[in-house]
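If you want the building blocks of each chain, they are given just below.
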Amino acid sequence: MQFRNYNDANDTVKLNYQKQRQNQSLDYVKNMSKKYNQFSTKLSMQDCFASLNNFIDLSDPDITLPNIHHLLQTAEAIRKDNQPDWLQLIGLIHDLGKLIYLKGCNEDGTSLQEQWGIVGDTYILGCELPETNIYKEYNKLCPDINNQTKYGIYEQNCGLDNCYITYGHDEYLYQVLKYNKTTIPQIGLDIIRYHSLYPWHKYNEYQHLMNEKDIEVLKWTKLFNKYDLYSKEDNEFHIDNLMLYYTPIIEKYIGTYLYI
Ligand SMILES: [Fe+2]
Ligand SMILES: [Fe+2]
């Protein structure tokens, strides 16, 4: 099976990217962080996973099953390689940020119908958009287009943590996990935060913005991407059985509940 074949991707995938490029400005990203970094709803981990049953990712040409299957497939691929339990956990939860739709709306692109503020490959705003962006022909639609140079608003080697990346499930889940004071290693949280930044981890963009720490994060994000991508198959799992294995790991690093 060939993955990420966007040439044959259906119109929904393409339209989602067009809307993302068109609507995500630097201001939008700043506003979304303010708006969605309020975590007042208490949800059991079980309900967090269950809420993804309603979510079919409009940006993903490879899979049409509910997201829980993709999460389990990723986690299982990591487990099979005897990677540490926390990395298996990252596989299991890395897309959980899509549950932002529970408090989202169409205008923000954070609903089931409008997902351009939730899913899709990400890129950095406030500087020039990479040529390696998916559907780069849409780059010119970016609202900040007149204000883009190589460095833009950034200093050399300022570090990715100091950049404004297009808003989506990556950033949202990162902030959720920070707020909830989980014991997941920081490198695991960073993988979650940057796993959709394909121009960076696949095409080596943004070298000039990276700092020392990002070199390590890049290494792990590349490793993770292998599991995220190549475990995608449209086959079903026995979810309950697998969760018997993963629940103690969830308990160990996160607990029973999450404030979302
Ligand atoms: Fe993702
Ligand atoms: Fe994923």
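To be clear, the structure that these remarks concern was listed above.
The following refers to the structure shown. Because the structure is predicted, anything quoted here is derived from the model rather than measured.

The subject of this paragraph is the coordination of the iron ion (ligand 1). Around the iron ion (ligand 1), the protein supplies Asp95 (OD), His169 (NE2) and His195 (NE2) as donor atoms, at distances of 2.0 to 2.2 Å. Read N to C, the donor residues that coordinate the iron ion (ligand 1) are spaced as D-x73-H-x25-H. The metal-metal distance between the iron ion (ligand 1) and the iron ion (ligand 2) is 3.7 Å, with Asp95 serving as a donor to both. With a gap of 74 residues between them, Asp95 in the loop between α5 (85–93) and β2 (124–125) and His169 in helix α6 (residues 169–179) connect regions that are remote in the sequence. When sorted by exposure, Asp95 lands in the same class as His169, which is buried.

Attention shifts here to the nonpolar core. Counting residues in hydrophobic clusters, the biggest one holds 74 residues, and the most contacted among them are Phe49, Ile93, Leu96 and Ile254. If we skip the residues at most four places from it in the chain, Ile254 touches Met45, Leu89, Ile93, Leu177, Thr182 and Ile184. Among the nonpolar cores identified, the runner-up in size contains 6 residues, and Tyr6, Val13, Tyr135 and Tyr138 belong to it.

Scanning the entire structure with this criterion turns up 12 salt bridges. Residues Asp95 and Lys98 are paired through a salt bridge, measuring 3.5 Å at the closest nitrogen-oxygen approach. In this structure, Lys213 engages Asp161 in a salt bridge whose closest nitrogen and oxygen atoms are separated by 2.6 Å. Taken together, the residues span a long stretch of sequence, with Lys213 in helix α9 (residues 212–230) and Asp161 in the loop between β2 and β3 (164–165) at a distance of 52 residues. On the basis of relative accessibility, which here comes to 31%, the residue Asp161 falls in the partly exposed class. Each of the salt bridges in this network shares a partner with another, and the network as a whole consists of Asp161, Glu171, Asp190, Arg193 and Lys213.

Right, let's talk about the coordination of the iron ion (ligand 2) for a bit. The iron ion (ligand 2) binds to the protein through His70 (NE2), His94 (NE2), Asp95 (OD) and Asp228 (OD); the donor distances cover 2.2 to 2.5 Å. If you look at the iron ion (ligand 2), its 4 donor atoms make angles of 78 to 163 degrees with each other, and the shape they trace is irregular. Binding-site remark: the iron ion (ligand 2) is held by donors from one chain whose sequence spacing is H-x23-H-D-x132-D.

This next bit is on the environment of Gln156. Checked against the element boundaries, Gln156 lands in the loop between β2 and β3. The spacing of Gln156 and Gln207 is 51 residues in sequence and 9.4 Å in space, taken between C-alpha atoms. Those residues in contact with Gln156, other than ones at most four positions away along the chain, are Tyr151 and His208.

On to the packing of α6 against helix α7 (residues 186–194). Closest axis-to-axis distance for the α6/α7 pair is 7 Å, and the angle between their directions is 155 degrees. Relative to α7, α6 is oriented roughly antiparallel. Residues Asp170, Glu171, Leu173, Tyr174, Gln175, Leu177 and Lys178 of α6 form the contact with α7, whose own contacting residues are Gln186, Leu189, Asp190, Ile192, Arg193 and Tyr194. Looking at the contact of α6 with α7 residue by residue, the class counts come to 6 nonpolar, 2 polar and 5 charged.

Here Asp190 shows up in helix α7. Overall, Asp190 belongs to the buried group, its relative accessible area being 1%. Discounting chain neighbours no more than four positions away, the residues touching Asp190 are Asp161, Tyr174, Lys213 and Val217.

Calculation notes
Residues numbered from 1 in each chain as written. Chains lettered and ligands numbered in written order. Predicted model: local features only at pLDDT ≥ 70, side-chain atom pairs only at ≥ 80, totals over all residues. Heavy atoms only, no water. Donors = N, O, S within 2.8 Å, 3.2 Å for Na, K, Ca; no water. Helix = DSSP H or I, 4+ residues; strand = E, 2+ residues; numbered from the N terminus. Buried < 20%, exposed > 50% of the residue type's maximum accessible area, 1.4 Å probe, protein only. Core = buried A, V, L, I, M, F, W, Y, C linked by side-chain atoms within 4.5 Å. Contact = heavy atoms within 4.5 Å. Salt bridge = Lys/Arg side-chain N within 4 Å of Asp/Glu carboxyl O. Tetrahedral: all angles 85-135°; square planar, octahedral: opposite > 155°, others 65-115°. Axes fitted to C-alpha atoms, helices over the stretch in contact; angles between N-to-C directions. Parallel < 35°, antiparallel > 145°, perpendicular 65-115°, else oblique. Nonpolar A, V, L, I, M, F, W, Y, C, P; charged D, E, K, R; others polar.

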